[in-house]
Number of protein chains: 2
Amino acid sequence: MDNEQLKLENQFCFRLYSAARLMMGAYHPYLDPLGITYPQYLVLLVLWEQDKQPVCDIGKRLMLDTNTMTPLLQRMEKAGLITRTRGKEDTRQRIVSLTKQGKALYEQAQDIPENMRKAVMMPESDVEELLQTIPTLDKLIEELKKLNK
Amino acid sequence: MDNEQLKLENQFCFRLYSAARLMMGAYHPYLDPLGITYPQYLVLLVLWEQDKQPVCDIGKRLMLDTNTMTPLLQRMEKAGLITRTRGKEDTRQRIVSLTKQGKALYEQAQDIPENMRKAVMMPESDVEELLQTIPTLDKLIEELKKLNK
DNA sequence: GCGATTTATATCGTTCACGATGCAAAATTA
DNA sequence: TAATTTTGCATCGTGAACGATATAAATCGC
């Protein structure tokens, strides 16, 4: 068992997988009080930017298919954060709208990005390093999106 | 809704989340033929490095708790990849061992890292960029681990 | 206009991920 | 040694993810 590439420590993907998991865990202190999960937070981010979108548009932003979106949105509807109404021009669509409660969460979410940044508490230089990886991650995501077609 | 930090495009964490998901999807062409999932592949990576480990040791390497590990290992046992025997000195432990089939997969996995690298097909310089982010990701993971305690 | 295809959503089944809880064995402390 | 705490594993419930499949509406090609 001497293939260096097959060792856990040498795997970029394992880092990605672990960092993503741990990152979601780190959101708990900020999302639990709002009664939402990380994927639900992402849906809210999209809706806060632009209310009343069909499921597929939200899915495209989050790169999630309807088999993930539908149950997610159903749970959010049940929690009173959104409503799902039939589309007018295209009756296949479900237009997702924020409820008063869903809109109200926006105020409570104001400090989440800043709090997360502080929580990680890396030296300023490391945070800078992290942000510099964004273009690289974006390039990777673009390539991976092609593969996932 | 004008908080720039609350916009999806400005979120590092969303990139992490998306990249990790898409990355797992990209493994499908290589893992499906072996009949394993990405988390199962990770368990095998650990066992290929060192066979016969208790559940907790594997969990520590993968940063996963037993409530995730146990069902995962049970499925792998059912699939004939591993066995789980009681520990000799510490009878609480379950020692996880590779079966002949589990060991045999090692040969079939040889080209996976290289194939994944080729599949992403980023220019060589970008792959280099990606690998350069590893120390940064490791620092982030260390910080996140502290938060997840 | 009409059959074929695509699109938007939903459902089902399986696997993960993880909080909460339980239990027995081991280690620690009194 | 007895009492307490910790450790190792398991189970349950919930929420994602996602492949496969289904259905109806919209669009396309002719």
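Look above for the structure.
Predicted model only: the values in this text are computed from it and were never measured.

What counts and what doesn't
- Residues numbered from 1 in each chain as written.
- Chains lettered and ligands numbered in written order.
- Predicted model: local features only at pLDDT ≥ 70, side-chain atom pairs only at ≥ 80, totals over all residues.
- Heavy atoms only, no water.
- Helix = DSSP H or I, 4+ residues; strand = E, 2+ residues; numbered from the N terminus.
- Contact = heavy atoms within 4.5 Å.
- Areas by Shrake-Rupley, 256 points an atom, 1.4 Å probe, with all protein chains shown as cover.
- Lys, Arg positive; Asp, Glu negative; His and termini not counted.
- Charge placed at Lys NZ, Arg CZ, Asp CG, Glu CD.
- Core = buried A, V, L, I, M, F, W, Y, C linked by side-chain atoms within 4.5 Å.
- Buried < 20%, exposed > 50% of the residue type's maximum accessible area, 1.4 Å probe, protein only.
- Pairing = 2+ DSSP bridges.
- Axes fitted to C-alpha atoms, helices over the stretch in contact; angles between N-to-C directions.
- Near = heavy atom within 4 Å.
- Polar contact = N/O pair within 3.5 Å; in protein donor to acceptor, adjacent residues only side chain to side chain.
- Nonpolar A, V, L, I, M, F, W, Y, C, P; charged D, E, K, R; others polar.
- Expected span 1.5 Å × (residues − 1).

Engineer: Hey, could you run me through the overall build of chain A in this one?
Structural biologist: The number of helices and strands found in chain A is eight helices and three strands. Counted from the first residue to the last, chain A has its helices and strands arranged as α-α-β-α-α-β-β-α-α-α-α. For chain A, the C-alpha atoms occupy an extent of roughly 60 × 35 × 25 Å along the three principal directions. When contacts within chain A are restricted to residue pairs at least 6 apart in sequence, long-range pairs at least 24 apart make up 46% of them. Looking at chain A as shown, the accessible area adds up to about 7,700 Å², and 52% of this sits on carbon and sulfur atoms. In chain A, which carries 21 positive and 21 negative side-chain charges, the distance between the mean positions of the two groups comes to 9 Å.

Engineer: Explanation requested: the environment of B:Leu42 in the structure shown.
Structural biologist: Checked against the element boundaries, B:Leu42 lands in helix H2 (residues 38-49). Taking the C-alpha atoms as reference points, B:Leu42 and B:Asn10, 32 residues apart in sequence, are found 31 Å from one another. When sequence neighbours within four positions are dropped, the list of residues in contact with B:Leu42 reads A:Leu8, A:Phe14, A:Tyr17 and B:Leu62.

Engineer: Explain the nonpolar core here, please?
Structural biologist: Considering soluble globular proteins, one finds that nonpolar side chains tend to be buried as a cluster. Counting 103 residues, the largest nonpolar core has A:Tyr38, A:Tyr41, B:Tyr38 and B:Tyr41 as the members making the most contacts within it. Discounting chain neighbours no more than four positions away, the residues touching A:Tyr38 are A:Met23, A:Met24, A:Tyr27, A:Leu31, B:Cys13, B:Phe14 and B:Tyr17.

Engineer: How do you make sense of the sheet that holds strand S1 (residues 53-54) of chain A when you look at a structure like this?
Structural biologist: Residue and element names in this part refer to chain A. Strand order across the open sheet formed by three strands is S1-S3-S2, with antiparallel pairing between neighbours. Both outer strands of the open sheet, S1 and strand S2 (82-86), are each paired with one neighbouring strand and no more. Pairing analysis gives five bridges linking S2 to strand S3 (residues 94-98), with the strands arranged antiparallel. Residue pairing for S3: Arg84 is matched across the bridge by Val96. Taken strand by strand, helix H2 (residues 38-49) contacts S1, S2 and S3, and its axis lies near 85 degrees from that of S3.

Engineer: What is the right way to read the protein's contact with DNA strand C from this model?
Structural biologist: Taken together, 26 residues are adjacent to DNA strand C, and A:Cys56, A:Arg92, B:Thr37, B:Asn67 and B:Arg75 come closest. In the interface set of DNA strand C, defined as its atoms within 4 Å of the protein, sugar plus phosphate atoms amount to 71%. Contact between DNA strand C and A:Arg84: a phosphate oxygen at 2.9 Å from a side-chain N or O atom of the residue. In this structure, a sugar or linking oxygen belonging to DNA strand C sits 3.0 Å away from a side-chain N or O atom of B:Thr91. Looking at the surface near DNA strand C, the elements that each hand over two or more residues are helix H1 (12-31), helix H3 (55-62) and helix H4 (66-78) of chain A together with H2 and helix H4 (66-78) of chain B. Looking at the surface near DNA strand C residue by residue, the class counts come to seven nonpolar, 11 polar and eight charged.

Engineer: Help me understand H4(B) in this model?
Structural biologist: Note on helix geometry: an α-helix contains 3.6 residues per turn, so any two residues three or four positions apart are oriented the same way. Residue and element names in this part refer to chain B. The first and last C-alpha atoms of H4 sit 18 Å apart over 13 residues, in line with the 18 Å expected at 1.5 Å per residue. Where H4 is buried, its residues touch H2, helix H3 (55-62), strand S2 (82-86) and strand S3 (94-98). Phi turns positive one or two residues past the end of H4, at Gly80, with a value near 80 degrees.

Engineer: Help me out: how do you make sense of the protein's contact with DNA strand D in this one?
Structural biologist: Among the 26 residues in the neighbourhood of DNA strand D, the closest are listed as A:Thr37, A:Gln40, B:Arg21, B:Cys56 and B:Arg92. Close to the protein, within 4 Å, the atoms of DNA strand D belong to sugar or phosphate groups at a rate of 69%. Within the side chain of B:Tyr17, an N or O atom sits 2.7 Å from a phosphate oxygen of DNA strand D. The side chain of B:Arg92 places a nitrogen or oxygen atom 2.5 Å from a base oxygen of DNA strand D. Every element with two or more residues in the surface near DNA strand D is listed here: H2 and H4 of chain A together with helix H1 (12-31), H3 and H4 of chain B. Taken together, the residues of the surface near DNA strand D sort by class into seven nonpolar, 11 polar and eight charged.

Engineer: Even after reading the chapter, I still don't get the environment of A:Gln74, so can you show me in this structure?
Structural biologist: Locating A:Gln74 in the fold gives a position in helix H4. Along the backbone, A:Gln74 and A:Pro135 are 61 residues apart, and their C-alpha atoms lie at a distance of 34 Å.

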